[in-house]
Structures are given as structure tokens and as C-alpha cells.
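# Structural overview
Residues per chain are reported as follows:
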Amino acid sequence: MLLETIKKDFIQYKAQAEPGEFLTLREAAFAEFEKLGFPTTKHEEWKYTNLKSITDNTFQSTCEIKSLVNELFNASIESKLTANFLVFVNGSLVNELSKIIEKDNSIVISSLATSRKNNQAIFNQHFGKYAKVEGQAMNALNTALLSDGAFVFVPKGKTVVHPVVIFNISDASDLNVLAQPRNLIVVEEQSTLTIVETYYATGTNASFTNVVTETYAGKSAHVEHYKIQQQAGACYQNNFTQFFQEADTNINHVTLTLDGTLVRNNLHFYMNGENCNSLLYGLYVTDNKDLVDNHTRVDHAKPNCFSDEKYKGILKGHSTAVFNGKIMVHLDAQKTNAYQRNQNILLSDDATVNTKPQLEIFADDVKCTHGATVGELDEESMFYLRSRGIPEDVARKLLLTAYAVDIAEKIKIPELVELLEQKIDGKL
Amino acid sequence: MLEIKDLKAEIEGKKILNGINLVVKPGEVHAIMGPNGAGKSTLSAVLAGRADYAVTGGEVSFNGKDLLEMSPEDRAREGVFLAFQYPVEIPGVSTTNFLKTAINEKRKYLGLEPMEATAFLKFMREKMELMEMDKALTSRSLNEGFSGGEKKRNEVFQMAMLEPKLTIMDETDSGLDIDALRLVSAGVNKLKDGERSFVVITHYQRLLDYIVPDFVHVLYKGRIVKSGDASLAKELEAKGYDWIKAEVEQEANA
Ligand SMILES: Nc1ncnc2c1ncn2[C@@H]1O[C@H](COP(=O)(O)OP(=O)(O)OP(=O)(O)O)[C@@H](O)[C@H]1O
Ligand SMILES: [Mg+2]
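Now for a look at the structure at hand.

Basis of the calculations
- Residues numbered from 1 in each chain as written.
- Chains lettered and ligands numbered in written order.
- Predicted model: local features only at pLDDT ≥ 70, side-chain atom pairs only at ≥ 80, totals over all residues.
- Heavy atoms only, no water.
- Contact = heavy atoms within 4.5 Å.
- Salt bridge = Lys/Arg side-chain N within 4 Å of Asp/Glu carboxyl O.
- Polar contact = N/O pair within 3.5 Å; in protein donor to acceptor, adjacent residues only side chain to side chain.
- Helix = DSSP H or I, 4+ residues; strand = E, 2+ residues; numbered from the N terminus.
- Nonpolar A, V, L, I, M, F, W, Y, C, P; charged D, E, K, R; others polar.
- Near = heavy atom within 4 Å.
- Areas by Shrake-Rupley, 256 points an atom, 1.4 Å probe, with all protein chains shown as cover.
- Pairing = 2+ DSSP bridges.
- Axes fitted to C-alpha atoms, helices over the stretch in contact; angles between N-to-C directions.

### Notes on the interface of chain A and chain B
Contact with chain A, which involves 16 residues of that partner, is made by 31 residues of chain B. Taken together, the connections running from chain A to chain B amount to three salt bridges. For Glu73 of chain B, the salt bridge is made with Arg386 of chain A, and the minimal N-O distance between the two is 2.6 Å. Joining chain A to chain B, the criterion identifies nine residue pairs in polar contact (both at pLDDT 80 or more). Elements supplying a minimum of two residues to the side of chain A that touches chain B: helix H8 (379–386) and helix H9 (392–408) of chain A. Broken down by element, the residue count for the side of chain A that touches chain B peaks at six residues, all from H8 of chain A. Split by residue class, the side of chain A that touches chain B holds nine nonpolar, three polar and four charged.

Here it is, written out as C-alpha cells:
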């Protein structure tokens with residue numbers, strides 16, 4: 001049982017932890033987790049996503065690092081980028097593979113553990129301030145038992161020239177592993193940053209990743225954030241990403257889920273100022289008995305903000321997809337524009353989609369639209385292509401690729417898009 | 001080339017084609033006219049292999065092969081081309097990639113090597129010039145956001161690229177301006193070599209001024225009720241369909 005391991009882990013952590021604010025925070029988080037327990041399908045938010053296969057199993061935290069990890073990293077598409085790399089294996093930083101090429105010393109790209117010492121003020125100002133722990137068992141668990149993670153700080157008016165790749169590997173070659181990465185990204189006023197958050201796995205045992213990423217975007221900041229999940233094997237992941245936006249910020253987020261036994265993504269945006277733009281795009285390609293669950297929430301808390309959300313799925317085998325898109329338009333968020341679409345293509349009769357828009361609108365002068373479709377490939381398009389001599393399987397692939405690439409192309413790194421397109425093509 | 005014998009087809013239990021007979025020999029141009037809802041598009045769709053229609057009787061042979069037995073892609077690769085009345089928009093698939101795939105799939109089917117990339121592009125440029133296709137159009141997604149006329153022109157451009165033995169044009173002239181009409185006709189006439197055949201579905205005589213038909217047929221209530229030479233089209237233009245409908249009713253009552 002996972003719960004017992006976790007309790008032991010926390011006792012062990014407490015025994016060697018230095019007293020202070022950080023420990024107090026984590027103790028409170030652990031108390032919250034103990035109070036809530038793991039979410040079950042009785043919770044409305046977890047109705048379709050059963051964590052039993054995780055909670056009935058045992059997973060261990062480990063910091064041992066094997067050489068095969070280097071090969072995995074070097075073979076990855078992300079490693080080909082000209083970028084800053086922070087590489088984590090089972091939640092611990094791998095120094096040999098991490099590499100910072102950014103020249104400006106005022107920009108901090110480091111591990112969370114390091115930043116807690118070197119950038120204490122910023123850390124204390126932002127850590128745990130955006131991703132809620134109350135009522136969020138998995139966030140509470142992460143806060144209490146976080147391993148390590150990325151810390152990025154971009155001071156006012158700076159542009160980070162190269163993307164920051166947060167490269168996570170679950171190495172389950174010896175045992176079932178548990179990693180709880182925790183990322184903190186602070187982008188101050190008028191600054192620009194691109195983050196590529198990516199997940200791989202190796203080994204024949206199971207892995208469970210419970211990650212929390214908090215991003216603070218100061219006034220007029222621009223953040224590009226891409227999440228690429230391709231953990232093959234018995235891999236479970238709960239991913240919580242919280243954006244906190246001040247006025248005039250632009251955030252473009254893309255989630256690509258190309259593999260994983262169970263992936264639950266929680267993507268939250270909180271607009272704390274006017275004239276924010278939030279773009280949320282997602283693509284999931286599922287197969288076998290895999291389950292991919294995207295729960296998104298956009299809080300339009302201030303007037304004149306825009307959000308556009310488009311999630312697309314391609315389902316094969318006995319897989320399941322869940323989409324739940326909550327848009328909260330607060331009382332004084334007049335002139336809100338919020339768009340949401342979820343489209344699904346089922347390539348198998350045994351695949352299932354549960355999709356639900358959830359609009360809660362408390363302001364009266366707003367424009368919100370949503371729509372969800374579940375279906376097969378467009379018959380008319382198929383016939384058109386076939387009538388030109390393109391065989392059925394080739395035509396299907398052309399259409400599926402076009403459908404998927406529409407999302408992949410929201411990523412503004414052309415080299416990465418090209419490589420991802422090949423990857424997606426191979427999955428179809 | 002094409003031999004249609006007593007072809008009957010229906011959709012959702014509704015009989016639409018009620019025994020079509022038509023023989024198209026190599027090099028011939030046939031025009032099919034007829035009032036709205038007569039079954040002209042249905043005939044073209046059945047020939048191209050659209051699955052929505054159930055063929056309930058009759059035979060179609062194409063160069064000696066049973067056309068109705070073949071998948072839509074095989075029909076195309078055997079040399080049948082349908083210029084759609086309503087071409088679909090396919091976002092995300094570029095015209096270039098689409099045509100390269102179509103041409104190479106056809107070549108594969110015929111046991112030929114794929115076309116070299118440079119040869120393909122040269123070939124495509126030639127045909128683009130012929131059809132006065134703007135480069136901006138072919139670099140975009142297939143038909144996406146194209147105007148009605150641009151879509152029709154794109155159909156004929158595809159025909160020029162695929163060089164079919166039999167082209168069926170379903171109202172390709174509808175919605176074309178005068179210049180585009182001339183281009184479309186030029187595209188067809190350029191392809192004419194005494195071997196290739198054309199079935200041109202149209203409502204208007206004006207197209208037939210450019211593409212002169214050897215035969216004109218009138219389709220009405222799922223049957224070819226009258227056939228003649230090019231002068232029949234002129235007569236229809238002048239008199240409309242009422243006299244033909246009356247003739248058909250008379251025969252039915254007799
Ligand atoms: N999917 C369908 N379901 C029911 N009826 C259909 C369907 N498709 C076509 N029909 C009917 O079949 C008949 C023939 O249609 P068709 O499109 O072949 O006519 P057409 O001769 O091409 O007409 P037009 O000149 O207007 O293009 C019409 O009455 C039409 O309503
Ligand atoms: Mg028609």
C-alpha cells in the first residue's frame with residue numbers, strides 16, 4: 001500500500017529536516033493530505049479516474065542513477081535542441097546532463113533545492129503561493145514530500161533566449177519508483193520565457209510521478225510552456241500546473257500526451273489582472289488500456305481577459321480519455337472572452353471518451369463558447385482523398401496527422417515541432 | 001471505355017437511379033443535363049464509389065473491368081476522376097503533399113517508381129501555369145478557405161495532374177467567372193488526346209461552347225430520357241425541360 005510507504009517517508013523526512021518555515025509548510029501539507037487521503041472515484045473531480053492501481057501498489061523514492069539514463073537522454077528529441085537543460089531522474093537532479101547556456105547571470109536556472117539556499121527571498125515569496133493545497137490531496141502530498149525540481153527566475157525586462165528544458169526520467173529498472181518533482185517558475189514584469197517540460201520512462205517496473213509546477217507571470221510577461229508526456233510502460237502520472245497571471249500577460253500552453261498508462265493533468269490558470277491572454281492547447285493519443293484525463297480550469301477573475309482552449313484526442317484500443325474544462329468567470333470579470341473546444345476521434349469501438357465543459361459565469365457581459373465532439377474521421381474527407389487514388393489507410397493517416405499537427409504546431413519551436421510530428425506520425 | 005447497363009441505385013430506401021444506360025467510347029465527350037434532383041450527382045458519386053449509395057441493380061464496366069467491384073481508390077488509379085460539385089475542405093493537408101501522395105500511390109499501383117521530388121515540382125508548376133493557379137493557393141491546406149470558383153479550378157488542376165482516362169465533371173462550371181470558365185475548358189481540351197473521355201454534367205450551354213460534346217443526354221427521375229448531339233443542349237437552353245417532362249409523362253401514360 002502506497003499510503004504506508006508515504007507515511008514512513010514523511011516520518012523519515014521530518015527526523016532529518018531543519019526546523020523552519022519550509023518544514024512548517026510541509027507539515028501542514030502532510031496533515032492536509034492525511035485528512036483528505038488519495039482521491040477516489042467518489043470525488044466528482046475524479047469520477048472517471050481511478051487511482052487504485054497506484055494506491056494499491058508500492059512505490060519507492062530513490063536517488064540512484066544509472067548510466068542507461070544518459071542514453072535515453074541523448075536519444076530524445078528534446079536533447080537535440082539548443083536549450084538550457086535541467087535533467088531529473090526519479091526527481092533528483094543529474095548534474096552531468098544538466099547544462100545552462102544562458103549568458104545573463106541575473107537569470108536563474110537551477111534546481112529547486114539550490115534555489116532555496118541561493119534565492120531564498122524569491123523562493124519564500126512564491127513557493128506554494130499559487131498551487132492550492134487545501135482540498136487538493138495530490139498537491140498536498142507533493143508539497144509534503146517533494147523530491148526536487150526546477151527553479152527558474154527571470155528578473156524584470158529580460159528575455160531568456162533559449163528554452164529551458166525540464167527533462168524528467170522515471171527509471172524503474174530495479175523497482176517501482178515514486179518521484180514528486182516540484183517546479184517553481186517566476187517570470188517578472190515584461191520578461192519572456194519558454195519552458196519545455198518533458199517526461200520519459202525506462203525500466204520494466206512501474207513508476208508514479210506526482211508533479212506540481214507553479215508559474216508566476218508578472219505584469220506584461222510572456223510565457224511559452226510546453227508539456228510533452230511520453231512515458232512508455234507501466235507509468236502513472238498526476239501533473240498539476242498552476243499559472244498565476246498579472247495584468248497584460250500572455251501565456252501559451254501546449255500539452256502533448258503521447259504515452260502513459262494513466263495520466264491525469266490538472267491545468268489551472270488564474271488571471272489576476274486585466275488584459276490577460278491564456279491559450280491552452282492539448283493533444284492526446286491513447287492506446288491499449290491507457291487513460292488520459294485532462295482537467296483544466298481557467299479563472300477569469302478580472303475584466304477584459306481572453307482565453308482560448310482546444311483539446312484534441314485520438315483514441316485507439318481500449319483506451320479512455322477524460323476531458324473536463326472548467327471556466328470560472330468571476331463577478332467583476334466583465335468583457336471576458338472564453339472559448340473552449342474538445343474534439344475526439346475514436347479509432348476503436350472499445351475506446352471511451354468522457355467529456356464535460358463546465359462554465360460558471362457570474363459576470364453578465366461575457367462571451368463564452370464551448371463545444372465537444374466525439375466521432376470518427378470525416379467521411380466526406382476520406383472519400384475525397386480516396387477518390388484521388390489514395391488508399392484508405394494512407395488517407396486515414398493523412399487526415400489524422402493533419403488533425404494532430406494542428407495542436408503540435410502551437411509549439412513555437414520549429415525543430416521540436418518537426419521531430420514531434422514524426423513521433424506522432426509513428427503513433428498513428 | 002465506360003459501359004453502364006441498367007444501373008439502379010438508392011439511398012436510405014429512396015430510389016434515385018432507375019436504370020441508367022450509357023456507353024462512353026475513348027475520346028468522346030458526353031454532356032449530361034437535367035433538372036435539379038434528377039440524379040446527376042448521384043450517378044457521378046456511384047461511379048466514383050461513394051459508399052452512401054446502395055447499387056441495387058445493373059453493371060458498370062470500365063475498360064473491361066467491373067467498376068462497381070472496385071474501391072474508390074482503385075477506380076481512381078484505374079483512371080477515373082470525379083471533379084466534385086462540392087469539393088471538401090481538408091485543413092492541415094497541403095495541396096502539394098496531397099497531390100504528391102495521390103500521384104505516387106497511382107504510380108505504385110501501376111508498378112512504377114515514385115516521382116522524384118524535383119520532377120514532381122516541375123510537373124506541378126507546369127500544370128499550375130496551365131490552370132493559372134496562384135502559388136498561394138497550392139501552398140495552403142486543400143481547399144481550405146478557397147472561394148467557390150477557386151475550389152472548382154482546383155478540381156480541374158487536380159485532373160490535369162492526375163491525367164485520368166475518364167473525367168466526370170459535376171457542375172464544374174457552376175460558380176465560375178468567364179475567365180475561369182475559359183481556363184477550365186482549356187484544361188479539359190488540353191487533356192483531350194482522342195483517347196481520354198469526359199462526362200460533363202452541367203446546367204448551362206455556355207460550358208459546351210468551349211467543350212463541345214459529341215453527345216448530350218437528359219437525365220430525369222433517375223433515367224436518361226433523351227439523347228442527342230450538341231444541338232440538344234441549345235434546344236434545352238431555349239426551351240427548358242417542360243417539353244421533355246411532358247414527353248416522359250405521355251410515354252408513361254401510353
Ligand atoms: N443522402 C441523401 N438522402 C436522401 N436523399 C438524397 C440524398 N442524396 C441525394 N438525395 C436525393 O436524390 C435526388 C438526386 O440528387 P442528386 O444530387 O443526384 O441530383 P442532381 O441531379 O445532381 O441535382 P442538382 O442539379 O441540383 O445538382 C434528390 O432528390 C436528392 O434530394
Ligand atoms: Mg448535382
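Having put the structure on the table, let's press on.
### Description of the site of ligand 1
Residue and element names in this part refer to chain B. Ligand 1 sits among 16 residues. The nearest are Gly37, Lys40, Ser41, Thr42 and His203. A distance of 2.8 Å is found between an oxygen atom of ligand 1 and a backbone nitrogen or oxygen belonging to Ser41. Here Glu171 contributes a side-chain N or O atom positioned 3.2 Å from an oxygen atom of ligand 1. Summarising the interface, the protein chains cover 68% of the accessible area of ligand 1, which totals 640 Å² for the free molecule. Elements represented by at least two residues in the shell around ligand 1 include exactly strand S2 (14–24) and helix H1 (40–48). A per-element tally of the shell around ligand 1 places H1 first, with three residues. In terms of residue class, the shell around ligand 1 is made up of five nonpolar, seven polar and four charged.

### Some details on the sheet that holds strand S12 (residues 223–228) of chain B
All names here are of chain B. Read across the open sheet, the six strands follow the order S6-S9-S10-S3-S11-S12; overall the sheet is mixed. Of all the strands in the sheet, the pair left with one neighbour each is strand S6 (80–83) and S12. Each neighbouring strand pair of the sheet contributes to a mean axis angle of 20 degrees, computed without reference to strand direction. Relative to S12, strand S11 (residues 215–220) runs antiparallel, the two sharing five bridges. Bridge pairing in S12 places Val218 opposite Lys226. In this fold H1 packs onto strand S3 (29–33), S6, strand S9 (166–170), strand S10 (197–201) and S11, with an angle of close to 145 degrees to the strand it touches most, S9. Relative to S6, helix H6 (residues 148–162) is tilted by about 165 degrees, and along the sheet it contacts S6, S9 and S10.

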